[in-house]
Amino acid sequence: MSIADNLKAIRATLPSHVTLVCVSKFHPNESILEAYEAGARVFGENKVQEVSRKQETLPKDIVWHFIGHLQTNKIKYIAPFVSLIHSVDSYRLLEEIDRQAAKSGRVIDCLLQVHIAQETTKFGFSPEELTTIFAAGKWGELTSVRIRGLMGMATFTDDEAQVHAEFRSLKTLFDQIKIAYFKDQPYFDTLSMGMSDDYRIAVEEGSTMVRVGSSIFGAREY
Ligand SMILES: *Cc1c(COP(=O)(O)O)cnc(C)c1O
């Protein structure tokens, strides 16, 4: 199937309130343009250099999301154009994004990444850490980042019950934080969960944004 066919098939399975982020990391501009011609506008990348290069050369109405681990010294390269950072995994990073966003005269939308999987290698806040940070309240002083919601990745496993349970736990945390801190802020509306292998489960568990790569573009060549 072509990229356009893949996109069509995936879109057909997504409810209208779920945003599809086309994860184009490691794929060339030509593939992105193919998806673009088929109507895709939201693309996700996980390397600062790669997204900067693509942003410079591809159509300006593309909405770029950053989904990878971000080093504080590299924020400045994406701060002028990035639309949403899914992968804020420390409070220090959030503060630094705030600083760089201010320098660019922007407010940058961010998701806080929560560690829900069993694997120990994945980045993110633990649910307890996240709760502590919100309770401390200092985040409320940041004026150039807007916390739009949470992001998480489930364990890479065939055990669907476990994947369901992990996504459900993130949705519960999302709802708790929304009620406690963002009740009157409708912009706290984004729960980014689900990739090629598990986005259907994620949507069942309340995802509002799925990040799909290989099911659209095929396998990545590293
Ligand atoms: C690569 C990546 C994806 C997409 O993965 P696929 O399995 O190719 O759909 C989604 N989210 C993050 C954070 C990624 O790094």
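Look above for the structure.
J.: Can you walk me through the overall build of the protein in this structure?
T.: A tally of regular secondary structure across the protein gives 9 helices and 8 strands. Viewed in the frame of its principal axes, the protein has a C-alpha envelope of about 50 × 45 × 35 Å. Across the 222 residues that make up the protein, the buried fraction comes to 51%. Counting contacts in the protein only where the partners sit at least 6 residues apart, residues at least 24 apart contribute 59% of the total. Roughly 10,900 Å² of accessible area belongs to the protein as shown, and the carbon and sulfur atoms make up 51% of that amount.

J.: For this particular structure, what's the right way to read the packing of aromatic side chains?
T.: For any two aromatic rings, the description comes down to two numbers: the centre-to-centre distance and the angle of the planes. Here the structure, examined in full by the defined rule, presents 9 aromatic pairs. Summarising the aromatic geometry, the rings of Trp 139 and Phe 182 are spaced 5.3 Å apart at their centres and angled 35° between planes, so their arrangement reads as tilted. Separated by 43 residues along the polypeptide, Trp 139 in the loop between helix H6 (127-136) and strand S6 (145-153) and Phe 182 in the loop between helix H7 (160-181) and strand S7 (190-193) bring together distant segments of the chain. The same class applies to Trp 139 and to Phe 182, which are both buried. Aromatic pair Phe 182 and Tyr 187: ring centres 6.1 Å apart, planes at 80°, arrangement edge-to-face. Residue classification places Phe 182 among the buried residues on the basis of a relative accessible area of 1%.

J.: Would you mind going over the site of the ligand with me for this structure?
T.: In the neighbourhood of the ligand, the contacting residues comprise Val 23, Lys 25, Ile 67, Met 153, Met 195, Ser 196, Arg 211, Val 212, Gly 213, Ser 214 and Arg 220. Here an oxygen atom of the ligand sits 2.5 Å away from a polar atom, N or O, in the side chain of Ser 196. One nitrogen or oxygen atom from the main chain of Ser 214 is found 2.8 Å from an oxygen atom belonging to the ligand. Relative to its free-state accessible area of 380 Å², the ligand is covered by the protein chains to the extent of 90%. Tallied by class, residues from the shell around the ligand come to 5 nonpolar, 3 polar and 3 charged.

J.: Just checking my understanding: could you explain the pairing of S6 for this structure?
T.: Side chains on a regular strand alternate between the two faces of the sheet. Within S6, 7 of the 9 residues are buried, leaving the element largely enclosed by the surrounding structure. The sheet contact formed by strand S5 (residues 108-115) and S6 spans 8 bridges and is parallel. Residue Asp 109 lies in a different strand from S6, and its bridge partner there is Arg 146. Bridge analysis of S6 against S7 gives 4 bridges, and the strand direction is parallel.

J.: Would you mind showing me how to read the nonpolar core here?
T.: Within the largest apolar cluster, 63 residues are counted, with the highest numbers of intra-cluster contacts made by Ile 85, Ile 97 and Leu 150. Here this core gets 6 residues from one element, more than from any other, and that element is H7. Discounting residues that sit within four places of it in the chain, Ile 85 has contacts with Phe 66, Leu 70, Ile 78, Ile 97, Ile 108, Asp 109, Cys 110 and Leu 111.

Rules used in this analysis
- Residues numbered from 1 in each chain as written.
- Predicted model: local features only at pLDDT ≥ 70, side-chain atom pairs only at ≥ 80, totals over all residues.
- Heavy atoms only, no water.
- Helix = DSSP H or I, 4+ residues; strand = E, 2+ residues; numbered from the N terminus.
- Buried < 20%, exposed > 50% of the residue type's maximum accessible area, 1.4 Å probe, protein only.
- Contact = heavy atoms within 4.5 Å.
- Areas by Shrake-Rupley, 256 points an atom, 1.4 Å probe, with all protein chains shown as cover.
- Phe/Tyr/Trp six-rings, centres within 6.5 Å; stacked < 30°, edge-to-face > 60°.
- Near = heavy atom within 4 Å.
- Polar contact = N/O pair within 3.5 Å; in protein donor to acceptor, adjacent residues only side chain to side chain.
- Nonpolar A, V, L, I, M, F, W, Y, C, P; charged D, E, K, R; others polar.
- Pairing = 2+ DSSP bridges.
- Core = buried A, V, L, I, M, F, W, Y, C linked by side-chain atoms within 4.5 Å.

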